[in-house]
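Examining the three-dimensional arrangement
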Amino acid sequence: MSHKQTPHIKPNGVEIAETILLPGDPLRAKFIAETFLEDAVCFNEIRGMLGYTGTYKGKKISVMGTGMGPASIGIYSYELYKFYDVDNIIRIGSAGAYTDRLAVYDVVLADSAWSQSSFAKVQNGCMDDVLYPSESLNTRILDAAHCLQIPLKTARIHSSDVFYTEDNVDGYKEIIKKHQCECVEMESFALFHNAKLLGKNAACLLTISDSFVTHEELSSLARQESFENMMKVALESC
């Protein structure tokens, strides 16, 4: 509850909702709170990882940044699930397309996440390299997208430990062939693991911001504007 505090989250009396959206960028969390939520109040400023609670169409919802990579979202999602009674986490982030089926601006819902990450193994000995979101939460997201008439594609995603890789390791073409991944991001594998571990719900919505196939890349402004479709779907699903 709101009176608790952990090393990385100090709500100072502000309640954290049972459903929370987690973008990587804390400034995107601020944008969502100011643009879509009513009566939004900041509940966290520790390490600059801004978090807010407000209402959307009468429903209490929180939004908070997580930073980049499995270690960072692993900390925040674990604390939110374990110590703040959060039941549902929807990651909303950006991804790079590995195939021409996914184009820039497309909104993608992860139906599974493959990773080389040791996160799950180190956390509790889990040796799985493919983890899954919550079916019930994914269904709500698909229904919301349908109601909003926002096209939504589902795909297996590559949840990578590393942003910059060298030429001696598998590139995106090899990863497609070996693991059927269609786009890449860095956080969902750790989130899905924590949700499974703690008996909670997790999902991952992504906007394609660049393509390994066409080499197209969105500008910072285009990212902010195009991400609004993803934000709307996430909010409506709540």
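Along each chain, numbering runs from 1 in the same order as the chain's sequence is written. Only residues with pLDDT of 70 or above have their local features reported here, since the model is predicted, and side-chain atom pairs are shown and tallied only from 80 upward, although totals for entire chains, interfaces and linings are computed over all residues. The side-chain values count all of the structure's non-hydrogen atoms but skip hydrogen atoms and water molecules.

1. A word on the state of the cysteines
What counts is decided by this rule: Criterion for a disulfide: a pair of cysteine sulfur atoms at a distance within 2.5 Å. Burial classes: relative accessible area under 20% of the type maximum marks a residue as buried, over 50% as exposed, and values in between as partly exposed (1.4 Å probe, protein chains only).
Scanning all chains against the criterion turns up 0 disulfides. Cys-181 carries a free sulfur, and the closest cysteine sulfur to it, the one in Cys-183, is 8.2 Å from it. Taking relative accessible area as the criterion, Cys-181 reaches 0% and is therefore assigned buried. Here Cys-183 is not cross-linked by a disulfide; its sulfur's nearest cysteine counterpart is in Cys-204, at 8.0 Å. Classification of Cys-183 as buried rests on a relative accessible area of 0%.

2. Notes on the packing of aromatic side chains
Operational definition: Under the pairing criterion, centres of Phe, Tyr and Trp rings, with the six-membered ring standing for Trp, must be within 6.5 Å; the plane angle then separates stacked pairs below 30 degrees from edge-to-face pairs above 60, leaving the rest tilted.
Applying the stated criterion across every chain yields a total of 5 aromatic pairs. Seen from their ring centres, Tyr-78 and Phe-83 are 6.3 Å apart, and the 65° between their planes marks the pair as edge-to-face. An aromatic cluster is defined as three or more aromatic residues linked by ring pairs; in this entry it consists of Tyr-98, Tyr-172 and Phe-212.

3. Some words on the nonpolar core
Filter applied, for reference: Throughout, nonpolar core names a set of buried Ala, Val, Leu, Ile, Met, Phe, Trp, Tyr and Cys residues whose side chains join them through atoms within 4.5 Å. Runs of H or I in DSSP of at least four residues are treated as helices and runs of E of at least two as strands, each being numbered from the N terminus.
Judged by nonpolar contacts, the single largest core of 40 residues is most densely connected at Ile-20, Met-64 and Leu-80. Among the elements of the structure, β1 (19-22), α2 (70-83), β5 (88-97), β6 (107-114), α3 (119-124), β8 (153-159), α6 (188-198) and β10 (201-211) are those that each provide at least two residues to this core. Per-element accounting of this core gives the leading share, 5 residues, to α6. The next biggest cluster of nonpolar side chains, apart from the first, holds 31 residues, and it includes Leu-21, Ile-32, Leu-37 and Tyr-52.

4. Focus: helix α4 (residues 135-148)
Cut-off, in case you're wondering: Any helix carries an expected span of 1.5 Å times its number of residues minus one. Directions drawn from the helix axis to the C-beta atoms are what define this arc.
Between its terminal C-alpha atoms α4 stretches 20 Å, which fits the 20 Å expected from 14 residues at 1.5 Å a residue. If you check which residues of α4 are buried, you get Leu-137, Asn-138, Ile-141, Ala-144 and Ala-145. Buried residues of α4, seen end-on, are gathered within an arc of 120° and therefore sit on one face of the element. Opposite the packed face of α4, turned more than 90 degrees from it, sit the exposed residues Glu-135, His-146 and Cys-147. Taken from the residues just after α4, Gln-149 is the one with a positive phi, measuring 60°.

5. Structural notes on the pairing of β10
Put simply, the rule reads: At least two bridges found by DSSP between two strands are what make those strands a pair.
β10 sits mainly inside the fold: 10 of its 11 residues count as buried. Note: β5 against β10, 10 bridges, orientation parallel. What sits directly across from Gly-96, in β10, is Asp-210.

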